[in-house]
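Each chain, written out:
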Amino acid sequence: MNDESRFIEREKLSEGTYGIIYKAKDTKTGNSVALKIMKLEKENNGIPQTALREISILKTLDHPNILKLIDVYYKKNSLMIATDRKSVV
């Protein structure tokens with residue numbers, strides 16, 4: 001299964017400076033996830049440092065109050081960050 005079809009967006013939860021957060025369904029596990037979509041600038045500078053920092057922090061931390069990183073992938077000039085929603089109320 002490719003990453004583009006793994007997560008199905010259900011509803012928009014929030015919007016901020018760095019992206020839009022959606023409630024989504026993981027078709028691989030059936031679990032509810034938070035999916036952050038970060039629009040990438042049309043420059044050839046690669047992935048923004050803020051995105052790399054966020055991914056790095058989520059990848060290394062293990063705490064009940066911090067979402068667990070499930071997957072990161074690129075789709076149509078956007079960086080998609082999927083996290084577990086179990087700890088989100």
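All of these numbers come straight from a predicted model, not from anything done at the bench.

Caption draft 1: Quick peek at the nonpolar core. Membership of the largest hydrophobic core is limited to 9 residues, which are Phe7, Tyr22, Ala24, Val33, Leu35, Ile37, Tyr73, Met80 and Ala82. Of all the secondary structure elements, the ones that give two or more residues to this core are strand 2 (20–26), strand 3 (32–39) and strand 5 (78–84). Per element, the largest residue contribution to this core is 3 residues, and it comes from strand 3. Sequence-distant contacts of methionine 80, that is, excluding residues within four places in its chain, are made with Glu9, Leu35, Lys36, Ile37, Asp71, Val72, Tyr73 and Lys75. Counting 7 residues, the second-largest nonpolar core is a separate cluster that includes Met38, Leu40, Ile55 and Leu58.

Caption draft 2: Representation of the pattern of salt bridges in the model. Applying the stated criterion across every chain yields a total of 5 salt bridges. Here arginine 6 ties to aspartate 71 by a salt bridge, and the two come within 3.6 Å at their closest N and O atoms. Placement of arginine 6 in helix 1 (residues 3–6) and of aspartate 71 in strand 4 (residues 69–75) is noted, with a sequence separation of 65 residues between them. Exposure remark for aspartate 71: the relative accessible area of 15% places this residue in the buried category. Notably, a salt bridge pairs lysine 36 with glutamate 54, separated by 2.9 Å at the nearest N-O pair. One end of the pair, lysine 36, is in strand 3; the other, glutamate 54, is in helix 2 (residues 49–60), and 18 residues separate them in sequence. Taken together, the shared-partner salt bridges in this structure form one network comprising Arg6, Asp26 and Asp71.

Caption draft 3: View of the pairing of strand 5. In terms of residue burial, strand 5 counts as a mostly covered element, since 7 of its 7 residues are buried. With burial as the criterion, each face of strand 5 is covered, one bearing Ser78, Met80, Ala82 and Asp84 and the other bearing Leu79, Ile81 and Thr83. Taken together, the 6 bridges between strand 4 and strand 5 define a ladder with antiparallel strand orientation. Note on strand 5: the bridge partner recorded for tyrosine 74 is leucine 79.

What counts, and where the lines are drawn
Residues numbered from 1 in each chain as written. Predicted model: local features only at pLDDT ≥ 70, side-chain atom pairs only at ≥ 80, totals over all residues. Heavy atoms only, no water. Core = buried A, V, L, I, M, F, W, Y, C linked by side-chain atoms within 4.5 Å. Buried < 20%, exposed > 50% of the residue type's maximum accessible area, 1.4 Å probe, protein only. Helix = DSSP H or I, 4+ residues; strand = E, 2+ residues; numbered from the N terminus. Contact = heavy atoms within 4.5 Å. Salt bridge = Lys/Arg side-chain N within 4 Å of Asp/Glu carboxyl O. Pairing = 2+ DSSP bridges.

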